Amino acid sequence: MKIVVLGGGAQGKVIAADLARSLGDSTVTVADVREPVLPKLGNLSWTLADASDKSALARLIAGYDLAVGALPSRFGFGAMEAAIDAKKNLVDVSFAAQDPLSLDAQAKQAGVTIAPDCGLAPGLSHLLAGDLYKRRGAPEMLEILVGGVAQDPSRPYGYVVTWSLDDLLEEYTRPARIVRDGKPIELPVFSETRPEQVAGVGAMEAFLSDGLRTLIQTLPNVRQMEEKTLRWPGHVAAIRPLLASGRFLEEFRAQCVVDLPADLVALVVRARWADGTAQTITMVDRNDPKTGLTAMARTTAFTTSVMAQFAAAGGMPASGVLPPELIAANPDAVSFVIGKMADRGVKFHRN
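Trainee: Give me the lowdown on the sheet that holds strand E2 (residues 27-32), citing residues and values where you can.
Mentor: The sheet built from seven strands is open, its strands ordered E3-E2-E1-E4-E5-E6-E15 with parallel pairing. In this open sheet, the two strands that pair with only one neighbour each are strand E3 (44-48) and strand E15 (320-321). As judged from the five bridges shared by strand E1 (residues 2-6) and E2, these two strands associate in the parallel manner. From the neighbouring strand, Lys-2 faces E2, where its bridge partner is Thr-27. The strands that helix H2 (residues 54-62) touches are E1, E2, E3 and strand E4 (66-69); relative to E1, the one it contacts most, it runs at about 155 degrees. Each of E1, strand E5 (89-92) and strand E6 (113-115) touches helix H3 (residues 73-86); the most contacted strand, E5, lies at about 165 degrees to it.

Now the structure itself:
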């Protein structure tokens, strides 16, 4: 199989390397405007491509069997449209502002599968939520808590940069779309900030953020549903003045960008049903000093790679736009992803 990874940035190059190592009989090509630093593998290469030209991107994708999107968020939706034009399946990690479900009819007409939001959150979070929904029916309450922080809480703002600062700023300013009493509503980001105890981590704080995405449409009949971002205690109070003054990017570039960041990622998915039963799934991961991979790359890029491997094996035969919570309708998909992530040291605990 010929696979093209669109984008060779922090996530794209990790996705490509993992795909090349996992699918030795396939060729993996990274398409980017700049040549990324890639491991020397016989089935891994780079080609020059400009993601801002959607027509050229469609022509590029048409030459491959499967596309994997790892572009900056502003190009993510265009990559989905290009894959549909090329009539090729796409597994994507880009957090595009546009609604990927709006392309469902076009994808079905083209006979292709578009799997958006296949990273950490949305991604693993949605796969787990979809699996709980499939197994037990609509919960009364669904809550996702997720965040990446510095392992050392005493670092400035308790944070190290492991992904786009521009996208982080957007997360800190975009209203949070949640579900209350069965109805979608919007609340300001940082609303309802509260202390939170995370197993394997300890005391953190959580605040409403805009990560539910497609869940609002794809998991009906959930009366209370929200995503909250996790940070070390005091983070919100420390960054609010930076956001108000416009100094956020400058300050974080100066204080939170480090070589080989020692980071920690925590994900908690909680569900409670009307009969009083409940389940909590927790994942905590830390950077790997041996490989130099951050926890954010391990939990984001590995997830995208594993989802792409499932697609490469023919595991997504249905056409249309299938975010992870809909892919979770297939128990084999959930088992495949959880198993492959465990092989990479990313493990989930249920209670």
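Trainee: Lay out the pattern of salt bridges in plain terms, naming residues and giving numbers.
Mentor: A complete count under the given rule lists 19 salt bridges for this structure. Residue Arg-135 is joined to Asp-131 by a salt bridge in which the shortest nitrogen-to-oxygen separation is 2.9 Å. Separated by four residues within a single helix, Arg-135 and Asp-131 lie in helix H5 (residues 124-136), roughly one turn from each other. Close ionic contact of Arg-194 with Glu-143 constitutes a salt bridge, the shortest N to O distance being 2.5 Å. Taken together, the residues Arg-194 in strand E10 (residues 194-198) and Glu-143 in strand E7 (residues 141-150) connect sequence positions 51 residues apart. The partly exposed category is assigned to Arg-194, whose relative accessible area is 28%. Taking relative accessible area as the criterion, Glu-143 reaches 7% and is therefore assigned buried.

Cut-off values and rules
- Residues numbered from 1 in each chain as written.
- Predicted model: local features only at pLDDT ≥ 70, side-chain atom pairs only at ≥ 80, totals over all residues.
- Heavy atoms only, no water.
- Pairing = 2+ DSSP bridges.
- Helix = DSSP H or I, 4+ residues; strand = E, 2+ residues; numbered from the N terminus.
- Contact = heavy atoms within 4.5 Å.
- Axes fitted to C-alpha atoms, helices over the stretch in contact; angles between N-to-C directions.
- Salt bridge = Lys/Arg side-chain N within 4 Å of Asp/Glu carboxyl O.
- Buried < 20%, exposed > 50% of the residue type's maximum accessible area, 1.4 Å probe, protein only.

Without other data, these values stay purely geometric and don't point to any function.
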